[in-house]
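If you want the building blocks of each chain, they are given just below.
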Amino acid sequence: MSLRDKCAVTGIGETEYSKNSGKSVIALQMEASLKAIADAGLTPNDIDGIIPYGNLEVVAEDFITNLGIHDLRYSAVTPLGGASSVAAVQAAMTAVASGVANHVLIPIGRNGSSGERIGDRVQAMPQFRILGEYEMPSGNIAPPQLYAHMARRHMELYGTKSEQLAEIAVAIRANALLNDNAIMNKPMTIEDHQNSRMISDPLRLFDCCLESDGGAAVIISASERAKDMAQQPIYIMGVGEGHPDSPSIITQRPDITTLGTAKAAPRAFGMAGVSPKDIDVAEIYDCFTYIVMCQLEDLGFCEKGEGGDFVSNGRIALDGELPINTHGGLLSQSHIVGMNHVCELVKQLRGTGGKAQVADAEIGLVTGYGDMGDGTVAIMRN
Amino acid sequence: MSDAAYDKPMPPLNRDSKPYWDSLQEGSMRLQSCAECGKVRHYPRPVCDSCHSFEVEWVRASGKGKVHSWTVSHHPFHPGFIVDLPMTLVTVDLEEGVRMCAQMHGVEPDQMSIDMPVELGYEAATADLTLPVFRPVT
Ligand SMILES: [Zn+2]
């Protein structure tokens with residue numbers, strides 16, 4: 001049985017994104033969830049499945065308690081860091097397509113700026129135990145350092161330049177300027193990027209995503225129900241999840257320039273029955289500029305090693321061949337662990353993308369990426 | 001520096017990793033070699049991913065390798081590393097066919113290159129902890 005077109009995104013909700021929400025993480029997630037439920041034309045009691053975010057700061061019980069859900073039938077967790085959002089979409093699809101649940105809520109929210117900083121959490125996570133045991137004592141600690149090894153090798157093997165990574169940051173910032181709910185509101189040039197502080201060579205400050213506060217949520221329903229709901233259903237054509245070899249430690253990975261995305265992409269495109277040239281708009285998980293470029297290669301938009309050229313000359317800009325991160329992404333809108341990417345793709349395919357609407361967008365793609373290499377991909381249509 | 005003042009992250013010792021840290025302390029790094037199929041694996045862990053044997057021999061590493069990749073950190077990410085900045089961290093392909101990451105000493109960052117030959121050294125961090133470091137082959 002293929003899951004193609006069996007499920008749809010039927011509701012989306014987002015809070016204000018900021019550097020200091022003044023709200024608890026539970027409150028942020030409930031606010032985003034209630035907005036998604038209202039958007040879908042449902043009431044909280046219609047939600048019978050929940051996939052809470054994998055850090056388990058807020059659990060299914062919190063939603064039952066706060067929203068007064070009487071009969072939750074399905075809950076699961078997809079602990080893949082930044083790949084969790086789209087992994088949760090896949091898990092929700094299996095639940096609603098099989099009839100285990102009718103409407104699965106997928107909430108994410110955090111105080112990544114004003115509360116626990118995202119950069120501090122890595123050392124406490126069991127999936128990174130090997131890193132903590134063998135590399136942190138030498139100083140190899142945080143994602144910007146770990147991913148810098150990947151980026152440096154890509155540069156040495158393929159001639160990739162920092163200025164090409166800058167193209168990604170600049171294109172995504174330009175989109176954020178069109179978005180009223182984006183944290184970054186000043187233009188960025190290639191020169192600004194090149195002048196930004198070196199964090200861990202070759203990655204500069206403007207290669208790194210924001211740490212921010214906010215919440216976002218989506219609802220996944222079976223397509224047969226979605227037709228009668230409040231919004232135009234956005235059908236999920238294909239989905240895939242991939243874990244890299246040596247998932248816990250990048251150092252031991254046979255090819256450190258390839259992500260789990262390379263395993264997920266053929267599954268997602270295969271299920272959808274489309275190819276990269278059919279994609280009108282792509283929301284690519286952008287914890288770092290380099291990770292965007294690497295995913296574009298692993299997704300098949302270009303060959304391995306050609307990502308630097310691919311992202312140049314305006315190709316990924318709003319009016320380019322492949323507009324990416326039309327909302328401003330993690331780099332310039334907000335770090336909502338990629339659930340903001342899922343919401344944005346749905347808006348683009350509904351035609352409610354505002355000033356950043358891609359004309360005639362019919363088929364779009366969204367990725368998740370996290371935990372040092374896990375990759376997830378969903379392809380949707382209107 | 002006295003041990004009490006050592007403020008960098010310490011490796012949590014366990015049954016699987018202790019022989020490795022002991023070997024660094026002795027100035028003679030050892031790697032796990034599967035007693036069944038002979039596959040060398042790193043970092044230390046309980047099961048051979050090739051034949052699933054738990055039996056292991058600890059073999060002495062040559063200490064020779066080549067640069068696989070590197071980064072030069074200008075931000076410490078942990079207060080203990082402020083004194084080391086800028087800090088070159090290198091991923092090395094060891095002769096034995098496994099990789100490891102450690103600090104690179106004795107080289108200017110702009111002299112680093114892929115496949116550059118390096119050799120392992122040992123640096124006492126505390127009385128009980130010796131860390132691996134790499135240096136260029138001279
Ligand atoms: Zn074996």
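Refer to the structure printed above.
This section reports on the structure supplied with the text. Note that the coordinates shown come from a computational prediction; the quantities given were computed from them, not determined experimentally.

On to the overall build of chain B, then. Assigned secondary structure in chain B consists of 1 helix and 8 strands. For chain B, the sequential pattern of α-helices and β-strands runs α-β-β-β-β-β-β-β-β. Here chain B holds 138 residues, and the buried ones make up 47% of them. Charge centroids of chain B, computed over 12 positive and 19 negative side chains, lie 4 Å from each other.

Here we come to the sheet that holds strand S3 (residues 56–60) of chain B. Residue and element names in this part refer to chain B. If you walk across this open sheet you meet the 3 strands as S2-S1-S3, and the pairing is antiparallel. Of all strands in the sheet, those with a lone pairing partner are strand S2 (40–41) and S3, marking the two edges. Two strands pair when backbone bridges link them, and strand S1 (residues 30–34) and S2 are joined in this way by 2 bridges, in the antiparallel orientation. Residue Gln32 lies in a different strand from S2, and its bridge partner there is Arg41.

Attention now moves to the coordination of the zinc ion. Residue and element names in this part refer to chain B. The protein atoms that coordinate the zinc ion are Cys34 (SG), Cys37 (SG), Cys48 (SG) and Cys51 (SG), at distances spanning 2.3 Å. One can describe the donor arrangement at the zinc ion as tetrahedral, given that its 4 donor atoms subtend angles of 97 to 116 degrees at the metal. For the zinc ion, all donor residues lie on one chain, and their spacing in sequence is C-x2-C-x10-C-x2-C. Classification of Cys48 by relative accessible area gives buried; the value is 1%.

Residue and element names in this part refer to chain A. Topologically, Thr376 is positioned in strand S11 (residues 374–381). A polar contact of 3.0 Å, which involves the side chain of Thr376, links it to the backbone oxygen of Ala83. Apart from residues lying up to four places away in sequence, Thr376 is in contact with Leu80, Ala83, Val86, Ala87, Gly240, Glu241, Ala264, Val366, Thr367 and Gly368.

On to the interface of chain A and chain B, then. With 31 residues of chain A at the interface, the matching set in chain B holds 37 residues. It is Tyr134(A), Pro137(A) and Ser138(A) that lose the most area in chain A upon contact with chain B, and together they represent 24% of the buried surface on that side. For the interface between chain A and chain B, the tally reads 0 salt bridges. For the pair chain A and chain B, the number of links is 19 residue pairs in polar contact (both at pLDDT 80 or more). Elements represented by at least two residues in the side of chain A that touches chain B include exactly helix H4 (129–134), helix H5 (143–158) and strand S5 (198–201) of chain A. Among the elements that take part in the side of chain A that touches chain B, H5(A) stands out by supplying 7 residues, more than any other. Of the residues belonging to the side of chain A that touches chain B, the class tally is 14 nonpolar, 9 polar and 8 charged. Bridge count between S5(A) and strand S4 (residues 64–73) of chain B: 2 bridges; the pairing is antiparallel. Opposite Ser200(A), over in S4(B), you have Ser73(B) as the bridge partner.

All names here are of chain A. Most of strand S4 (residues 103–111) sits out of view: 9 of its 9 residues are buried. Neither face of S4 is left uncovered, since the one carrying His103, Leu105, Pro107, Gly109 and Asn111 and the one carrying Val104, Ile106, Ile108 and Arg110 both have all their residues buried. Bridge count for S4 against strand S7 (residues 213–222) is 9 bridges, and the pairing is antiparallel. In the sheet register, Leu105 faces S7, and the bridge partner there is Ile219.

Following Asp201(A), the chain continues into Pro202(A) via a peptide bond in cis, with omega recorded as 15 degrees. Within the secondary structure layout, Pro202(A) lies in the loop between S5 and strand S6 (203–204). Not every positive phi belongs to a glycine, and Met372(A) is a case in point at roughly 75 degrees. Within the secondary structure layout, Met372(A) lies in the loop between strand S10 (363–370) and S11. Residues other than glycine seldom take positive phi values, yet His52(B) does so here, at roughly 70 degrees. Secondary-structure assignment places His52(B) in the loop between S2 and S3. His52(B) gets classed as exposed once you look at its relative accessible area, which sits at 55%.

Attention now moves to helix H10 (residues 289–299) of chain A. All names here are of chain A. The buried fraction of H10 amounts to 11 of the 11 residues, a majority that puts the element mostly inside the structure. Of all the positions in H10, only Thr289, Tyr290, Ile291, Val292, Met293, Cys294, Gln295, Leu296, Glu297, Asp298 and Leu299 are classed as buried. Trailing H10 by a residue or two, Gly300 shows a phi angle of about 95 degrees, which is positive.

What follows concerns the layout of surface pockets. In this approach the atoms are scanned with a rolling probe the size of a water molecule, which exposes any empty space left behind. If you add up the space inside the second largest pocket, you get close to 390 Å³. If you go around the second largest pocket, you meet 18 residues; those closest to its centre are Ser246(A), Gln252(A), His42(B), Arg45(B) and Asp49(B). Of the residues that constitute the lining of the second largest pocket, the class distribution is 6 nonpolar, 5 polar and 7 charged. Residue assignment places the lining of the second largest pocket across two domains, with domain 1 (12–60) and domain 2 (62–138) of chain B each supplying three or more.

The next subject is the state of the cysteines. Overall, the coordinates contain 0 disulfides over all chains when judged by the stated rule. Free of any disulfide, Cys101(B) has its nearest neighbouring cysteine sulfur in Cys208(A), separated by 18 Å.

All right, on to the packing of H5(A) against H10(A) then. All names here are of chain A. For the pair H5 and H10, interaxial distance at closest approach is 10 Å and the crossing angle is 60 degrees. In terms of orientation, H5 lies oblique with respect to H10. Handedness of the H5/H10 crossing: left-handed. Listed contacts from H10 to Tyr147, Met150, Ala151 and His154 of H5 are Tyr290, Ile291, Met293 and Glu297. In terms of residue class, the contact of H5 with H10 is made up of 6 nonpolar, 1 polar and 1 charged.

Applying the stated rule across the entire model yields 21 salt bridges over all chains. Of the charged contacts in the structure, one is a salt bridge between Arg99(B) and Asp93(B), with a shortest N-O distance of 2.9 Å. Among the residues examined, Arg99(B) registers a relative accessible area of 8% and is labelled buried. Overall, the relative accessible area of 27% leaves Asp93(B) in the partly exposed class. Where salt bridges share partners, they join Arg4(A), Asp5(A) and Arg381(A) into one cluster.

The rules behind the values
- Residues numbered from 1 in each chain as written.
- Chains lettered and ligands numbered in written order.
- Predicted model: local features only at pLDDT ≥ 70, side-chain atom pairs only at ≥ 80, totals over all residues.
- Heavy atoms only, no water.
- Helix = DSSP H or I, 4+ residues; strand = E, 2+ residues; numbered from the N terminus.
- Buried < 20%, exposed > 50% of the residue type's maximum accessible area, 1.4 Å probe, protein only.
- Lys, Arg positive; Asp, Glu negative; His and termini not counted.
- Charge placed at Lys NZ, Arg CZ, Asp CG, Glu CD.
- Pairing = 2+ DSSP bridges.
- Donors = N, O, S within 2.8 Å, 3.2 Å for Na, K, Ca; no water.
- Tetrahedral: all angles 85-135°; square planar, octahedral: opposite > 155°, others 65-115°.
- Polar contact = N/O pair within 3.5 Å; in protein donor to acceptor, adjacent residues only side chain to side chain.
- Contact = heavy atoms within 4.5 Å.
- Buried area = accessible area lost by both parts, 1.4 Å probe.
- Salt bridge = Lys/Arg side-chain N within 4 Å of Asp/Glu carboxyl O.
- Nonpolar A, V, L, I, M, F, W, Y, C, P; charged D, E, K, R; others polar.
- 1 Å grid on protein atoms, 1.4 Å probe; cavity = no way out; pocket = protein on both sides within 12 Å on 5 of 7 lines; lining within 4 Å.
- Points joined across faces, edges and corners; volume = space filled by probe spheres on them.
- Domains from an automatic or database assignment.
- Disulfide = S-S within 2.5 Å.
- Axes fitted to C-alpha atoms, helices over the stretch in contact; angles between N-to-C directions.
- Parallel < 35°, antiparallel > 145°, perpendicular 65-115°, else oblique.
- Left-handed = near helix turned anticlockwise from the far one by under 90°.

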